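# Coordinates in review
Next come the chains, spelled out residue by residue.
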Amino acid sequence: MKIVVCVKHVPDATADRTFTEDGTTDRDAVDSVLSELDEYAVEQALRITESGVDAEVTYLTVGPDDAKDALRKALAMGGDRAIHVSDDDIQGSDALGTSLVLAKAIERHGFDLVVCGMASTDGSMGVVPAMLAERLGVPAVTHLDELAISIEDGSVTGRREGESATVRVQGTLPAVVSVTDRSGDARYPSFKGIMAAKKKPVETLDLADLDIEPEWTGRSAARSAVDTAAKRPPRAKGEIVADEGAGGVGLAAFLTAKKFA
Amino acid sequence: MAEILVLVDHVDGTVRKPTLELLTLARRLGEPSAVYLGPGADTATDVLGTYGAQKVYVVDAPDVAEHLVTPAVDALTQIAASSGPAAVLLPSSLDGKEIAARLAVRLEAGLITDAVDITADEDGRPVTEQSVFAATYQVTAHVTEGVPVITVKPNATAPEPAPATPVVEKVDVTFDPAATATRVLSRTPRVGGDRPELTEADIVVSGGRGVNGAENFAVIERLADALGAAVGASRAAVDAGWYPHSHQVGQTGTQVSPQLYIAAGISGAIQHRAGMQTSKTIVAVNKDADAPIFELADYGVVGDLFKVLPQLAEEIDRRRG
Ligand SMILES: Cc1cc2nc3c(=O)[nH]c(=O)nc-3n(C[C@H](O)[C@H](O)[C@H](O)COP(=O)(O)OP(=O)(O)OC[C@H]3O[C@@H](n4cnc5c(N)ncnc54)[C@H](O)[C@@H]3O)c2cc1C
Ligand SMILES: Nc1ncnc2c1ncn2[C@@H]1O[C@H](COP(=O)(O)O)[C@@H](O)[C@H]1O
């Protein structure tokens, strides 16, 4: 079977992220990495191949030139090949535009299963997997803590923690799934893996290769716009006291003054 | 006046609080119409009317219970086509966001997720406010094309009654073939305890790795009960199996914005901050004076949580007499 894993190259979440003047994420301000939450998607895809299912794993990213780094990192963890869609006209896309490009690339490659992260650590909308399923006309089985493929039944089954219930869900293949950071720790690339990744094929595509008109994506096609982006003012410096036996009583006085107690 | 569709979040006819918040916000934009899926609409209509629903669309079909998400998308697409709403509001839950995502594709409409406030611009169109980048930025945005589809976080506003007598309209929806749907095999409801829900609570008391054991969470719970608070936990505490994931605060847990957040034995990693730093007042108890959580704290105690928290709980009880 063909597994496509969608991975995103994102500004490092532990650095100070900012906006450019036109209200999009400033990708030059900080180093970018493979989105941590997509490592879990890579891990689940690799576990499927290791469970005896005969599968080829292809990584897919949509992003500027350096997004290739995310593909190399994933390939170093395992898997077979990668596709990088890069085009100046994609710049500034919203989730609708991004999902369109991803869907066209997935259709062109062919797929039985698409694995995504639960959310990208920069945009963190968590909507691309559902949009992909909608565009591809297949079920979305998302936010899974646990995931199992049955080739005989042609289905994917999983467990998700909803807001008020634990739900066991199932979709028929082909399907789009997304996995959480509770699905299983992602492996570190081994030295051998890093060397092997250099030889794995990475195909670069542009919009024309995918029969996408430039005006269907990018900033001009985005259906929402940021008006203002303001850094939260730093919190005023608080009162920090060392506990010398009456720390709890002192804290109670603070809470009473604030009318909490 | 423009119609605003509000997707009702309910458990067997009991409407959840975020829906009342959505109805309250919808009134700033136009006339709210509630979209109710599944059985139990009769019991729900009263409360929906109390919070200003002028209309309740009821879709009651077996598909709604058996499948996840897509029946709601089918219903909303059909109702939007016939009613021409000025916006569609949904709760920022897992299902709510997924419904919104598919709906936006079908309607070719702009999508905004996780709004923490909505106001109307001079033309009455929605302007949203969101917290981004681990809540370090506050962003305002609007939809530029199509019917704005907006998901709203719990606690975005206080529900305000505005009694109306809604017109109830039963809608027959043509559902997509089951092959594109996700089937629900089983649903195990989580038993909510007596404490307030994380997203709805005015006060949250959270414990981290410093709590050092499942049984020690009693210390956190004791303080939470003295304050009438919800209990939260860091990912470290959840991963260790000390407290359920449904209580995790942070990037991959729940994002909370209470009046008061107390972090005990939590270092204050960026992923934890992402879920709590919009809280109005923040208090930290940590034995490491250099813990980054103190950068956020309005009041911090450098000390052992096992000494400070019990003393605090007792003092609160004493002050309350
Ligand atoms: C993709 C991703 C997503 C994540 N999502 C989340 C998330 O949603 N929520 C989340 O919380 N984290 C999340 N994390 C994890 C996060 O990076 C931190 O590892 C985590 O928050 C640490 O939890 P902690 O503060 O409890 O533990 P630690 O960082 O180990 O801190 C424990 C603190 O307790 C203090 N302490 C110890 N004993 C005592 C005592 N007796 N009295 C007082 N203080 C004491 C110590 O001084 C220390 O500061 C995520 C990480 C990643 C990579
Ligand atoms: N530009 C992209 N390239 C590849 N995959 C992406 C991209 N954007 C989003 N995804 C996938 O969709 C998931 C959810 O992203 P989001 O909806 O942006 O939070 C991510 O975890 C990725 O698996």
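Note that the coordinates shown come from a computational prediction; the quantities given were computed from them, not determined experimentally.

Conventions and cut-offs
Residues numbered from 1 in each chain as written. Chains lettered and ligands numbered in written order. Predicted model: local features only at pLDDT ≥ 70, side-chain atom pairs only at ≥ 80, totals over all residues. Heavy atoms only, no water. Helix = DSSP H or I, 4+ residues; strand = E, 2+ residues; numbered from the N terminus. Buried < 20%, exposed > 50% of the residue type's maximum accessible area, 1.4 Å probe, protein only. Near = heavy atom within 4 Å. Polar contact = N/O pair within 3.5 Å; in protein donor to acceptor, adjacent residues only side chain to side chain. Areas by Shrake-Rupley, 256 points an atom, 1.4 Å probe, with all protein chains shown as cover. Nonpolar A, V, L, I, M, F, W, Y, C, P; charged D, E, K, R; others polar. Contact = heavy atoms within 4.5 Å. Pairing = 2+ DSSP bridges. Buried area = accessible area lost by both parts, 1.4 Å probe. Salt bridge = Lys/Arg side-chain N within 4 Å of Asp/Glu carboxyl O. Axes fitted to C-alpha atoms, helices over the stretch in contact; angles between N-to-C directions. Parallel < 35°, antiparallel > 145°, perpendicular 65-115°, else oblique. Left-handed = near helix turned anticlockwise from the far one by under 90°. Arc of directions from axis to C-beta. Domains from an automatic or database assignment.

Here the amide bond leading from Leu173 of chain A into Pro174 of chain A is cis, since omega sits at -5°, within 30 degrees of zero. In this fold, Pro174 of chain A is placed in the loop between β10 (165–172) and β11 (175–179). Even without glycine at this site, Lys259 of chain A takes up a positive phi of about 70°. Relative to the helices and strands, Lys259 of chain A is located in the segment after α7 (247–257). With a phi angle near 60°, Asn212 of chain B is a residue other than glycine that sits in the positive phi range. Inspection of the secondary structure assignment puts Asn212 of chain B in the loop between β15 (203–207) and α6 (217–227). Of the residues examined, Asn212 of chain B reaches a relative accessible area of 52% and is grouped as exposed.

Residue and element names in this part refer to chain A. Taken together, 19 residues are adjacent to ligand 2, and Cys6, Asp38, Ser120, Gly126 and Val127 come closest. In the model, an oxygen atom of ligand 2 is placed 3.3 Å from a nitrogen or oxygen of the Met125 main chain. Within the complex, the protein chains bury 96% of what would otherwise be the 480 Å² of accessible surface of ligand 2. Secondary-structure elements contributing two or more residues to the shell around ligand 2 are β4 (56–62), α3 (95–109), β6 (113–117) and α4 (128–136). Looking at which element gives the most residues to the shell around ligand 2, the answer is β4, with three residues. Here the residues of the shell around ligand 2 sort into eleven nonpolar, six polar and two charged.

Here we take up the side chain of Asp181 of chain A. Within the secondary structure, Asp181 of chain A is located in the loop between β11 and α5 (191–197). In this structure Asp181 of chain A comes out as buried when scored by relative accessible area, which is 5%. Here Arg235 of chain B takes part through its side chain, which lies 3.3 Å from a polar atom of the side chain of Asp181 of chain A. At 2.6 Å, the side chain of Asp181 of chain A forms a polar contact with the side chain of Thr252 of chain B. If sequence neighbours within four positions are ignored, Asp181 of chain A has contacts with Leu37, Tyr40 and Met118 of chain A together with Arg235 and Thr252 of chain B.

Moving on: the pairing of strand β8 (residues 146–150) of chain A. All names here are of chain A. Bridge count between β8 and strand β9 (residues 155–161): five bridges; the pairing is antiparallel. When the sheet's bridge partners are listed, Glu146 is paired in β9 with Arg159. Here β8 folds back onto β9, and the loop between the two strands holds four residues, one of which, Gly154, carries a positive phi near 60°.

Bringing the site of ligand 1 into the picture now. Near ligand 1 you find 28 residues, and of these Arg209, Ser234, Ser267, Gln271 and Asn286 of chain B are the closest. Looking at the residues close to ligand 1, they fall on chains A and B. Separating an oxygen atom of ligand 1 from a side-chain N or O atom of Gln271 of chain B is a distance of 2.8 Å. Leu305 of chain B is positioned such that a nitrogen or oxygen atom in its backbone is 2.9 Å from a nitrogen atom of ligand 1. When ligand 1 is considered free in solution it has 990 Å² of accessible area, and contact with the protein chains removes 83% of it. Secondary-structure elements contributing two or more residues to the shell around ligand 1 are α1 (36–50) of chain A together with α7 (235–239), α8 (270–273) and α9 (305–320) of chain B. For the shell around ligand 1, a count of residues per class yields seven nonpolar, 14 polar and seven charged.

Turning our attention to the interface of chain A and chain B. The interface of chain A with chain B comprises 78 residues on the first partner and 85 residues on the second. For the pair chain A and chain B, the summed buried area comes to about 7100 Å², and 55% of that belongs to carbon and sulfur atoms. At the boundary of chain A and chain B, one finds seven salt bridges. Between Glu161 of chain A and Arg190 of chain B there is a salt bridge, with its nearest N and O atoms 2.6 Å apart.

The axes of two packed helices give the description: the angle between them and the distance between them. For the pair α7 of chain A and α9 of chain B, interaxial distance at closest approach is 7 Å and the crossing angle is 50°. By the angle between their axes, α7 of chain A is oblique relative to α9 of chain B. The interaxial crossing formed by α7 of chain A with α9 of chain B has right-handed handedness. Where α7 of chain A abuts α9 of chain B, its residues Gly247, Gly248, Val249, Leu251, Ala252, Ala253, Leu255 and Thr256 of chain A lie against Val308, Gln311, Leu312, Glu315, Ile316 and Arg319 of chain B. Tallied by class, residues from the contact of α7 of chain A with α9 of chain B come to eight nonpolar, four polar and two charged.

When we look at burial in α7 of chain A, the residues that qualify are Gly247, Gly248, Leu251, Ala252, Phe254 and Leu255 of chain A. Burial along α7 of chain A is one-sided: seen end-on, the buried residues are contained in an arc of 160°. On its buried side, α7 of chain A packs onto α6, β17 (260–264), β18 (281–286), β19 (299–302) and α9 of chain B. Trailing α7 of chain A by a residue or two, Lys259 of chain A shows a phi angle of about 70°, which is positive.

Moving on, we come to the pattern of salt bridges. Inspection of every chain in the model, using the stated rule, returns 36 salt bridges over all chains. Note that Glu161 of chain A is salt-bridged to Arg159 of chain A, the shortest N-O span being 3.4 Å. Residue classification places Arg159 of chain A among the partly exposed positions, given a relative accessible area of 22%. A relative accessible area of 23% means that Glu161 of chain A is categorised as partly exposed. Each of Asp145, Glu146, Arg159, Glu161, Arg168 and Arg182 of chain A together with Arg190 of chain B takes part in a single network of salt bridges with overlapping partners.

Residues and elements named next belong to chain A. One way to put it is that α1 packs onto helix α2 (residues 68–77) with a least axis distance of 10 Å and a crossing angle of 35°. Where α1 crosses over α2, the two elements pack in a sense that is right-handed. Touching Glu39, Val42 and Leu46 of α1 are Lys73, Ala74 and Met77, all from α2. In terms of residue class, the contact of α1 with α2 is built from four nonpolar, no polar and two charged.

Quick look at the sheet that holds strand β7 (residues 87–91) of chain B now. Residue and element names in this part refer to chain B. Read across the sheet, seven strands follow the order β8-β12-β7-β1-β4-β5-β13 without closing on themselves; strand pairing throughout is parallel. On the outer flanks of this sheet lie β8 (111–115) and β13 (167–170), each paired with one strand and no other. On average, each strand axis in the sheet is inclined to that of its neighbour by 20°, with strand direction left out of account. One ladder, built from three bridges, connects β8 with strand β12 (residues 149–152); its direction is parallel. Bridged to Ala115 within β12 is Val152. Lying on the sheet, helix α1 (residues 17–26) is in contact with β1 (3–7), β4 (31–37), β7 and β12; it crosses β1 at an angle near 170°.

Turning to the domain arrangement of chain B, a few remarks are in order. Residue and element names in this part refer to chain B. When the domains of chain B are assigned, the result is domain 1 (3–183) and domain 2 (203–319). Once you take the C-alpha centre of each, domain 1 and domain 2 turn out to be 33 Å apart. Each partner contributes residues to the interface: domain 1 has five residues there, and domain 2 has six residues. Approximately 420 Å² of surface area, both sides summed, lies buried where domain 1 meets domain 2, with 55% of it carried by carbon and sulfur atoms. Considering only the surface of domain 1 that becomes buried against domain 2, Ala134, Ala135 and Lys153 emerge as the three largest contributors, covering 75% of it. Connecting domain 1 to domain 2 are zero salt bridges. Joining domain 1 to domain 2, the criterion identifies one residue pair in polar contact (both at pLDDT 80 or more). Within the side of domain 1 that touches domain 2, the residues separate by chemical class into two nonpolar, two polar and one charged.

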